[in-house]
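Secondary and tertiary structure notes
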Amino acid sequence: MAFIEIAPKEIADNPFKLIGSDWMLITAGDEEKCNTMTASWGGVGILWNKPVSFIFVRPQRYTREFIEREQAYSLCFFEDGFRTGLSYLGTASGRDEDKIAKAGLTTAYEDGVPYFEQARLVLICKKSYRDDLRGDCFLDAEADARCYPEKDYHRMYIGEIVKALKKK
């Protein structure tokens, strides 16, 4: 099934449900090798007068190596039937196996950025900013203690949404 390009402002989905409940795949790499991870933290909005996404990736995640190396990443969103695959992709490591193939996904590329043909919505994001969360910046000590008992703080990436693709 083919995709059509839409303007980011035409995305009708509720971002709280889209990311927090339905989950997304963060994918980066090139045509030789890419990796993906499931995420339920992040968001979309306007920053620096541009449509952006913001994602958070822990230091131990293999996908982070790919995000660091590449200039862009994709965010893929799926229909309900992919929940088991998304759960698997969030727990298995691409260091150990070809988890993308094992999950039954087909990798495609848009301007050299990997995404999945089975997605219903794809955001292609060009990295604009990154920074590490730090314990000394938390105003909510309970969130720090609950979410980071190992002090493995996420790296935040802000990416300009340069292309939005929707299934026809």
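Residues numbered from 1 in each chain as written. Predicted model: local features only at pLDDT ≥ 70, side-chain atom pairs only at ≥ 80, totals over all residues. Heavy atoms only, no water.

Attention shifts here to the overall build of the chain. Tallying secondary structure elements over the chain gives 5 helices and 10 strands in all. With the C-alpha coordinates of the chain rotated into their principal frame, the extents come out at 45 × 40 × 30 Å. Within the chain, the proportion of its 168 residues that are buried is 45%. At a minimum sequence separation of 6, the contacts of the chain that also span at least 24 residues come to 73%. (Helix = DSSP H or I, 4+ residues; strand = E, 2+ residues; numbered from the N terminus. Buried < 20%, exposed > 50% of the residue type's maximum accessible area, 1.4 Å probe, protein only. Contact = heavy atoms within 4.5 Å.)

In this section: helix H2 (residues 62–69). Within H2 the residues assigned to the buried category are Tyr62, Thr63, Arg64, Phe66 and Ile67. Elements that come into contact with the buried residues of H2 comprise strand E2 (24–29), strand E3 (34–39), strand E5 (50–57), strand E9 (121–132) and strand E10 (155–167).

The buried count for strand E6 (residues 72–77) comes to 6 of 6 residues, which makes it a mostly enclosed element. Residues Ala72, Ser74 and Cys76 point to one face of E6 and Tyr73, Leu75 and Phe77 to the other, with burial holding for every one of them. Here E2 runs beside E6; their pairing, made up of 3 bridges, is antiparallel. Bridge pairing in E6 places Leu25 opposite Cys76. With 6 bridges connecting them, E6 and E9 associate as antiparallel partners. Bridging from a neighbouring strand, Phe77 pairs with Leu121 of E9. (Pairing = 2+ DSSP bridges.)

What follows covers the side chain of Arg64. Within the fold, Arg64 resides in helix H2. For the buried residue Arg64, which engages in no salt bridge, the nearest side chain bearing the opposite charge is Asp132, 4.1 Å off. (Lys, Arg positive; Asp, Glu negative; His and termini not counted. Salt bridge = Lys/Arg side-chain N within 4 Å of Asp/Glu carboxyl O.)

Here we take up a nonpolar patch on the surface. A cluster of nonpolar side chains, namely Leu47, Trp48 and Tyr129, defines an oily patch on the protein surface of about 300 Å² accessible area. Relative to the helices and strands, Tyr129 resides in strand E9. (Patch = residues over 30% accessible without salt bridge, like charges linked within 9 Å, V, L, I, M, F, W, Y side chains within 5 Å. Areas by Shrake-Rupley, 256 points an atom, 1.4 Å probe, with all protein chains shown as cover.)

Below, the discussion takes up the packing of aromatic side chains. Overall, the coordinates contain 8 aromatic pairs when judged by the stated rule. Ring centres 4.7 Å apart and planes at 40 degrees place the aromatic pair Tyr148 and Tyr153 in the tilted group. Accessibility assignment for this pair places Tyr148 and Tyr153 in one class, buried. Pairwise contacts between aromatic rings join Phe138, Tyr148 and Tyr153 into one cluster. (Phe/Tyr/Trp six-rings, centres within 6.5 Å; stacked < 30°, edge-to-face > 60°.)

With that settled, the discussion passes to the nonpolar core. Met24, Ile26, Ile55, Leu75 and Phe77 are the most contacted members of the largest nonpolar core, which totals 22 residues. Contributions of two or more residues to this core are made by helix H1 (15–21), E2, E3, E5, H2, E6, E9 and E10. Apart from residues no more than four positions distant in its own chain, Ile55 is found in contact with Met24, Ile26, Ile67, Tyr73, Leu75, Arg155, Met156 and Tyr157. Listed in part, the 18 residues of the second largest apolar core include Ala72, Ala108, Val113 and Phe116. (Core = buried A, V, L, I, M, F, W, Y, C linked by side-chain atoms within 4.5 Å.)

With 11 bridges connecting them, E9 and E10 associate as antiparallel partners. Bridge pairing links Lys126 to Glu160 in E10.

Here we take up the state of the cysteines. One pass over the structure, following the stated rule, counts 0 disulfides. No disulfide involves Cys34; its nearest neighbouring cysteine sulfur is the one of Cys76, lying 10.0 Å away. Residue Cys137 stays outside any disulfide, its sulfur separated by 16 Å from that of Cys147, the closest cysteine. Residue Cys137 is classed as partly exposed on the basis of its relative accessible area, which comes to 44%. (Disulfide = S-S within 2.5 Å.)

Once that is clear, we can look at the environment of Thr36. Take Thr36: it is sitting in strand E3. Once the C-alpha coordinates of Thr36 and Ser21 are considered, the two residues, 15 residues apart in sequence, prove to be 18 Å apart. Looking at Thr36, its side chain comes within polar contact range of the main-chain oxygen of Ile26, at 3.1 Å. (Polar contact = N/O pair within 3.5 Å; in protein donor to acceptor, adjacent residues only side chain to side chain.)

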